[in-house]
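Reading the structure
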Amino acid sequence: DSAEEVVARCLAAISRRSAAVQSRSLLTGQPGLTTVEMSNSQGRPVTPRDVMFTVGKLARMSEKDGGEVNFDSDVGKIQSNQEAGTAVFDMGMEDARRLVEFSKDIEAGGAVFALLQNLNVERGRDFG
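Residues numbered from 1 in each chain as written. Predicted model: local features only at pLDDT ≥ 70, side-chain atom pairs only at ≥ 80, totals over all residues. Heavy atoms only, no water.

**Some words on the pattern of salt bridges**
The following threshold applies: For salt bridges, the criterion is a side-chain nitrogen of Lys or Arg within 4 Å of an Asp or Glu carboxyl oxygen. The secondary structure listing takes helices from DSSP runs of H or I that are at least 4 residues long and strands from runs of E that are at least 2 residues long, numbered from the N terminus. Only protein chains enter the accessibility calculation, which uses a 1.4 Å probe; a residue is then buried when its area is under 20% of its type maximum, exposed when over 50%, and partly exposed in between.
A full pass over the atoms with the stated rule returns 4 salt bridges. A salt bridge links Glu 94 to Arg 97; the nearest nitrogen and oxygen atoms lie 4.0 Å apart. You can see Glu 94 and its partner Arg 97 sitting in helix 3 (residues 93–103), 3 residues apart, about one turn around the helix. Look at Arg 97 and you get partly exposed, because its relative accessible area is 43%. Measuring nitrogen to oxygen at the nearest pair gives 3.6 Å for the salt bridge that ties Glu 94 to Arg 98. Here Glu 94 and its partner Arg 98 are both found in helix 3, 4 residues apart, which amounts to about one turn of the helix. Residue Arg 98 is classed as partly exposed on the basis of its relative accessible area, which comes to 29%. It is possible to trace a salt-bridge network through shared partners that takes in Glu 94, Arg 97 and Arg 98.

**Let's talk about a nonpolar patch on the surface**
Inclusion rule: To count toward a patch, a residue needs a relative accessible area above 30% and no salt bridge. Like charges then connect within 9 Å, nonpolar side chains (Val, Leu, Ile, Met, Phe, Trp, Tyr) within 5 Å. Accessible surface is estimated by sampling points in the Shrake-Rupley manner with a 1.4 Å probe; for residues, cover comes only from the protein chains shown.
On the surface, a cluster of nonpolar side chains totalling about 320 Å² of accessible area is made up of Val 7, Leu 11 and Ile 14. Within the secondary structure, Leu 11 is located in helix 1 (residues 3–14).

**Some thoughts on the sheet that holds strand 2 (residues 78–81)**
So the rule is basically this: Two strands pair if DSSP finds at least two bridges between them. Comment: axis = line fitted to C-alpha atoms, over the contacting stretch for helices; angle = value between 0 and 180 degrees taken between N-to-C directions.
Ordered in space as 2-3-1-4, the 4 strands form an open sheet in which the pairing is antiparallel. Two strands in the sheet have a free side with no partner beyond their single neighbour: strand 2 and strand 4 (111–115). Across the sheet, the mean angle separating the axes of adjacent strands is 25° when strand polarity is ignored. One ladder, built from 6 bridges, connects strand 1 (residues 33–40) with strand 3 (residues 86–92); its direction is antiparallel.

**Looking at the packing of aromatic side chains**
Our working rule: In summary, the pairing rule links any two rings of Phe, Tyr or Trp, Trp by its six-membered ring, whose centres are within 6.5 Å, and it sorts them by plane angle into stacked for under 30 degrees, edge-to-face for over 60 and tilted for everything else.
By the definition in use, this model includes 2 aromatic pairs. Between Phe 71 and Phe 102, the ring centres sit 6.1 Å apart and the planes meet at 65°, which makes this aromatic pair edge-to-face. With a gap of 31 residues between them, Phe 71 in the loop between helix 2 (48–65) and strand 2 and Phe 102 in helix 3 connect regions that are remote in the sequence. Here the two residues Phe 71 and Phe 102 agree in accessibility, since each one is buried. Aromatic pair Phe 89 and Phe 113: ring centres 6.3 Å apart, planes at 90°, arrangement edge-to-face. A residue pair is termed long-range when its members are at least 10 positions apart, and Phe 89 in strand 3 and Phe 113 in strand 4 qualify at 24 residues. For Phe 113, a relative accessible area of 7% corresponds to the buried category.

Below is the structure:
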């Protein structure tokens, strides 16, 4: 176990919560979801429409393969980062892992997926 997991379990025990560490969305804090980043290796900016189209298409392809890596295309909140040209979105934890695994071996127009452990928040000069 990593140091973060041990500390998380200790804090959970102290707060009288269950000792299980739950995955949460980095966008909404909702339990059971994980946040995924989609970028494009060909340098094209990624839009929410690209996320929905690509995840849906890959989910259908995974079902046709019939392997253990099939996943649902249920996508939660999507947030685009126009400066970086990426988009981050929420999915169920297991579906997100399977999406990342399945997409490694597929050429999907340059789409690259990664599970996020943290989300950098950038505040402009005018931030309150």
